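# Geometric and topological summary
As a plain string of letters, each chain reads:
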Amino acid sequence: MNDDARAGRDRDRDHEHDRDHDDRADAGIEVRLTGWGIQDRHETLNSLIWGPDGWLYGCQGYATRSTVGKPVDGWIRPPREIGNFGDDYLYRALVALSGLAALEPAEATYLTCNTDQDHRGLDGKQRYVLRFPPGQMPPAKAFWSLTMYDVTPDGRAFFTDNPISRYAIGDRTEGLQYGADGSLEIHLQHERPAEALIANWLPAPAGKFILMLRMYWPDESPPSIIDGTWSPPAAIRRSRSLA
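Residues numbered from 1 in each chain as written. Predicted model: local features only at pLDDT ≥ 70, side-chain atom pairs only at ≥ 80, totals over all residues. Heavy atoms only, no water.

### A look at the overall build of the protein
Spelled out, the test is: Strands here mean DSSP runs of E at least two residues long; helices mean DSSP runs of H or I at least four residues long; both are numbered from the N terminus. When accessible area is computed with a 1.4 Å probe and restricted to protein chains, residues below 20% of their type maximum are described as buried, those above 50% as exposed, and intermediate ones as partly exposed. Two residues form a contact once any of their heavy atoms are found within 4.5 Å. Accessible surface is estimated by sampling points in the Shrake-Rupley manner with a 1.4 Å probe; for residues, cover comes only from the protein chains shown.
The number of helices and strands found in the protein is 4 helices and 10 strands. The order of α-helices and β-strands along the protein, N terminus first, is α-α-α-β-α-β-β-β-β-β-β-β-β-β. When the 243 residues of the protein are sorted by exposure, 41% land in the buried category. Contacts spanning at least 24 positions in sequence make up 67% of the contacts within the protein whose residues lie at least 6 apart. As presented, the protein carries roughly 13200 Å² of accessible surface, and 50% of it is formed by carbon and sulfur atoms.

What follows is the structure in structure tokens.
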């Protein structure tokens, strides 16, 4: 056997080894996820990015099932162990897959939502309102923000272009309009709303989208997102499809 043939054989053998190793790794992930009702291999792998109940949940929740609660009004809260993984290396790897790293909840908490009050996927063809009742603003000592992400067919999330160049809205947004009772309504839709609502409009893409609520230096005493005594309101769908 000449050198070229030997080199080709070695490459083929290495390729088969790598493929077998990848298959075993994928199989291990599938076993972990089967208990969550995910059976299909492609769905399993895609769920690491776009889970059935929310993007963040898919990336992190499956690794530590016991520490992740059920969605509340469409919102997924990361487990308390986020940012302080200990020896849970799978959990650390899943977080790195989606966001490279994460702060501990005492520093910042990220919540993700991709369904409305009736568990229907969020879509720019609809109109939604996110209403914070009086005295129920996100309890953060530093600041909070709500960010809109366009979801691509392969499950990735990006900012969405919009006519007012607004990609997030929060307590630092100039000109927010509060109700007479101190409540705050944020309008989530693709179609430009009435002029009176522009100040509180977070533009959505034409198709699927997700929301991420970030709270920096969240309060630890009730009401608090850390102990679960506070949670964000559901995205209320207000219209039929515009399609």
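Still more to cover.
### A look at the side chain of S145
Counting through the fold element by element, S145 comes out in strand 4 (residues 140-151). Once you skip the residues sitting within four places of it in the chain, S145 turns out to touch I169, G170, M212, L213 and R214.

### Some remarks on the sheet that holds strand 3 (residues 127-132)
Hydrogen bonds between backbone groups are what pair the strands of a sheet, and the pairing can be parallel or antiparallel. Using the following cut-off: A pair of strands is labelled paired if DSSP reports no fewer than 2 bridges between them. Here the axes come from fitting lines to C-alpha atoms, over the contacting stretch only for helices, and the angles between their N-to-C directions go from 0 to 180 degrees.
If you trace the 4 strands from one edge of the open sheet to the other, you get 8-7-3-10, paired in mixed fashion. The open sheet has two free edges, formed respectively by strand 8 (201-203) and strand 10 (235-237), since each of these has just one partner strand. On average, each strand axis in the sheet is tilted by 30° relative to the strand beside it, whichever way the strands run. Both strand 7 (residues 184-189) and strand 8 contribute to a ladder of 3 bridges, which runs parallel. The partner of Q189 across the bridge, within strand 8, is P203.

### A closer look at the packing of aromatic side chains
Using the following cut-off: Between 30 and 60 degrees the pair is tilted, below 30 it is stacked and above 60 it is edge-to-face, where a pair is any two Phe, Tyr or Trp rings, Trp via its six-membered ring, whose centres lie within 6.5 Å.
Following the criterion strictly, the structure yields 6 aromatic pairs and no others. Centre to centre, the rings of Y110 and Y216 are 6.4 Å apart; their planes meet at 70°, and the pair counts as edge-to-face. Placement of Y110 in strand 2 (residues 108-113) and of Y216 in strand 9 (residues 209-218) is noted, with a sequence separation of 106 residues between them. Its relative accessible area of 19% is what places Y110 among the buried residues. Assessed through its relative accessible area of 23%, Y216 is described here as partly exposed.

### A word on the nonpolar core
Side chains of a nonpolar character, in soluble globular proteins, are inclined to be buried together. Defined as follows: Residues grouped as a nonpolar core are buried Ala, Val, Leu, Ile, Met, Phe, Trp, Tyr and Cys residues, joined through side-chain atoms within 4.5 Å.
In this structure, L146, I186, L188 and L211 are the most contacted members of the largest nonpolar core, which totals 26 residues. Sorting the residues of this core by element identifies strand 2, strand 3, strand 4, strand 7 and strand 9 as the ones contributing at least two each. The residues touching L146, leaving out its near neighbours within four places in the chain, are W75, L130, Y167, A168, I169, I186, L188, L202, L211, M212 and L213.

### Structural notes on the side chain of Q189
What counts, and what does not: Pairing of N or O atoms within 3.5 Å defines a polar contact, subject to two protein rules: one partner must be a possible hydrogen donor and the other a possible acceptor, and residues neighboring in sequence count only if both atoms are side-chain atoms.
Mapped onto the secondary structure, Q189 falls in strand 7. The class for Q189 is buried, based on a relative accessible area of 6%. A distance of 2.7 Å separates the side chain of Q189 from the backbone oxygen of E191, its partner in a polar contact. For Q189, the residues in contact, after removing those within four places along its chain, are Q126, R127, W201, L202, P203 and A204.

### Points about the confidence of the model for the protein
Heads up, the condition is: Each residue carries a pLDDT value, the predictor's own confidence for that position, ranging from 0 to 100.
Scored by pLDDT, the protein has a mean of 76; 67% of the residues are at 70 or more. Confidence, read as mean pLDDT per element, is least for helix 3 (residues 55-60) in the protein (37) and greatest for strand 8 (98). In the model, residues 15-69 has pLDDT below 50 throughout and makes 83 contacts with residues more than four positions away in sequence or in other chains.

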